[in-house]
Structures are given as C-alpha cells and as structure tokens.
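# Structural overview
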Amino acid sequence: MLALQGGVREHARMLVGLGADVVPVRRAEQLDALDALVLPGGESSTIDRLLRVLDLRDPLRAAIAQGLPVLGTCAGLILLADHIEDPAPGQQTLGVLDVTVRRNAFGRQADSSEETVATVLGPVRAAFIRAPQVVSVGEGVEVIARRGAEPTDTDAPIIGVRCGDVTGIAVHPELTGDATFHRALLGQAAVRRAG
C-alpha cells in the first residue's frame, strides 16, 4: 500500500479484512518485499510530488515494469496513466498504463455520488469523488468499466482500465466496502507468489 497521502486507512482495512498483510510503503527498499500494491485515491499532484521528493518514483516504475500487480483508485489511476489532459503545474505520472486521463471529469467534491458500476468483474458499488475519466486508451489496454453502462458500450465514459497486472479505476470501492477489485488484486498477488 503506497502510504504517502490519501485513502490509505480505508484500503488497508479492506485488505486486512481479506486476510492480507499490509505494508505501508514510504521508502523504495520496501517495494522488494511486496506481492502487490495499491495506489490510493487522494491528491494526485501531491502524491506525485512526494514520490519524487522521497526518490520513490523510479523504483516504483521499475517494480511495476517487473510485474508487480497494482490497483490504482482515482488519484492512483491518474498516477498510473501515460498522460494527463489537464495536469497541475509540474505534475508528472508514472507512465505505466497507456491511457490519457482527465482529472475531476465528473465534477467537484459537492458532486460526489455512490453508484453501482458494471465491470468485467461484475457489479461494483463505489463512490465517485472528483473522479477522473479515461479519455483514450492505447493498444493492449482493456476497458473494464464505464459509467452508467456495460464496459462494452463505447458511448459511455471510461472509468476502469487494465493492462496485464496493472488496473486503474476512477472510483472508490474501499469507501463502500465493495472488495471486488481488492480480491482480484490479491488473486494476482497469489499467482505472482506461486510463479
């Protein structure tokens, strides 16, 4: 669990409830012991800045490139993306997921809502809080969720993507208690350990 800023406690509580041992990652050397990682929601520009200040950005990119399963929620999705359509001044990404995102695409904090989203893993109850939208996907990136529609409905906004072991979703299932994506991440971690 990247533990620099944002919804760390909520994700940790959910993962512990699923039987996982949670390591709050704040230093590069902690990455070597992980089977999977969650990039929580929060302020994407703040998390980006902290990654660079703490010299975590490049080691994190390397760990993901070597197959570390990752789930990024909301700001975590923005961090994973290759491009941000409307970055904060100086904002960078990890550039490990071939997508372009638009920050705060679904309105301000006051526009937050809780919805059931159709995903390739089944229905997921999640919160939208200043959620980003995926505005374009590269080759090899699977659309796994769209707002208000099935993942195959090409007219609906993209809110979830996956490429290999890297998953990014625009929503917060950890706030509603829906463990669907966390279970999937732990399944990926088990495969990594067994391999």
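Residues numbered from 1 in each chain as written. Predicted model: local features only at pLDDT ≥ 70, side-chain atom pairs only at ≥ 80, totals over all residues. Heavy atoms only, no water.

### Notes on the overall build of the protein chain
The condition that has to hold: What counts as a helix is a DSSP run of H or I of at least four residues, what counts as a strand is a run of E of at least two, and both are numbered from the N terminus. In this treatment the radius of gyration is a C-alpha quantity, and the globule benchmark scales as 2.2 Å times the residue count to the 0.38 power. Accessibility here uses a 1.4 Å probe with only protein chains present; expressed as a share of the type maximum, an area under 20% marks a residue as buried, one over 50% as exposed, and anything in between as partly exposed. For every accessible area listed, the method is Shrake-Rupley and the probe measures 1.4 Å; residues are considered covered only by the protein chains on display.
For the protein chain, the helix and strand inventory stands at five helices and ten strands. Radius of gyration (C-alpha) of the protein chain: 15 Å, near the 16 Å computed for a compact globule of 195 residues. Considering only C-alpha atoms, the protein chain reaches an extent of 40 × 40 × 35 Å along its principal axes. A total of 195 residues make up the protein chain; the buried ones form 51% of that total. As displayed, the protein chain has an accessible area near 8,900 Å², and 47% of this comes from carbon and sulfur atoms.

### Some details on the nonpolar core
The condition that has to hold: Joining through side-chain atoms within 4.5 Å is the link that ties buried Ala, Val, Leu, Ile, Met, Phe, Trp, Tyr and Cys residues into a set, and such a set is a nonpolar core. Contact criterion: two residues are considered in contact whenever any of their non-hydrogen atoms come within 4.5 Å of each other.
Leu-39 and Leu-51 are the most contacted members of the largest nonpolar core, which has 55 residues in total. Element by element, the count of residues in this core is highest for helix α4 (residues 75–80), at five residues. Once you skip the residues sitting within four places of it in the chain, Leu-51 turns out to touch Leu-2, Leu-4, Leu-56, Arg-57, Leu-60, Leu-79 and Leu-94.

### Thoughts on the pattern of salt bridges
Spelled out, the test is: Salt bridges, as used here, are contacts in which a Lys or Arg side-chain nitrogen is within 4 Å of a carboxyl oxygen on Asp or Glu.
Enumeration according to the criterion identifies ten salt bridges in this entry. Two residues, Glu-85 and Arg-102, come together in a salt bridge whose shortest N-O distance is 2.6 Å. Highlighted residues: Glu-85 in the loop between β3 (81–84) and β4 (97–102) and Arg-102 in strand β4, separated in sequence by 17 residues. Overall, Glu-85 belongs to the partly exposed group, its relative accessible area being 46%. A relative accessible area of 30% places Arg-102 in the partly exposed class. Two residues, Arg-125 and Glu-114, come together in a salt bridge whose shortest N-O distance is 3.3 Å.

### Observations concerning the environment of Met-14
For Met-14, the location among the structural elements is in helix α1 (residues 8–17). Since its relative accessible area comes to 11%, Met-14 is described here as buried. Met-14 sits 125 residues away from Glu-139 along the chain, and the two C-alpha atoms are 32 Å apart. Ignoring sequence-local partners within four residues, the contact set of Met-14 consists of Pro-173, Glu-174, Gly-177, Asp-178, Ala-179 and His-182.

### Regarding the side chain of His-182
Locating His-182 in the fold gives a position in helix α5 (residues 180–194). By relative accessible area, His-182 is classed as buried at 0%. Ignoring anything within four residues of it in the chain, the contact list for His-182 reads His-11, Met-14, Leu-15, Leu-18, Leu-71, Pro-173 and Glu-174.

### Some details on the environment of Gln-92
If you trace the backbone, Gln-92 turns up in the loop between β3 and β4. For Gln-92, a relative accessible area of 31% gives the class partly exposed. Taking the C-alpha atoms as reference, Gln-92 lies 10.0 Å from Leu-80; in sequence the two are twelve residues apart. In contact with Gln-92, other than residues within four places in its own chain, are Asp-48, Arg-52 and Arg-57.

### With respect to the packing of aromatic side chains
Stated precisely, the cut-off is as follows: Here a pair means two rings of Phe, Tyr or Trp (six-membered ring of Trp) with centres within 6.5 Å. Their orientation is stacked below 30 degrees between planes, edge-to-face above 60, and tilted elsewhere. For a lysine, the NZ atom is tested; for an arginine, the CZ atom; a charge sits over a ring if that atom is within 6 Å of the ring centre and within 35 degrees of the ring normal.
Going through the model one piece at a time under the given rule, you end up with zero aromatic pairs. Here the guanidinium or amino end of Arg-147 rests over the ring plane of Phe-128, the centre of that ring lying 3.9 Å away.

### Brief notes about α1
How we decide: The arc in question is formed by the directions pointing from the helix axis toward the C-beta atoms.
Among the residues of α1, Val-8, His-11, Ala-12, Met-14 and Leu-15 are the ones counted as buried. Projected onto a plane normal to the axis of α1, the buried residues spread over an arc of 165° and lie on a single side. Facing away from the buried side of α1 by more than 90 degrees, the exposed set consists of Arg-9, Arg-13, Val-16 and Gly-17. Residues of α1 that are buried make contact with β1 (37–39), β2 (70–73) and α5. After α1 finishes, the residue Gly-19 shows a positive phi value of roughly 95°.

### A few points about unusual backbone geometry
Backbone phi values are negative for most residues with the exception of glycine, while trans is the configuration of most peptide bonds. The backbone of Cys-74 shows a phi angle near 55°, a positive value even though the residue is not glycine. Judged by relative accessible area, which is 5%, Cys-74 ranks as buried. For Asn-104, which is not a glycine, the phi torsion comes out positive at approximately 50°. Among the secondary structure elements, Asn-104 is positioned in the loop between β4 and β5 (113–119).

Read these as geometric descriptors, not functional statements.
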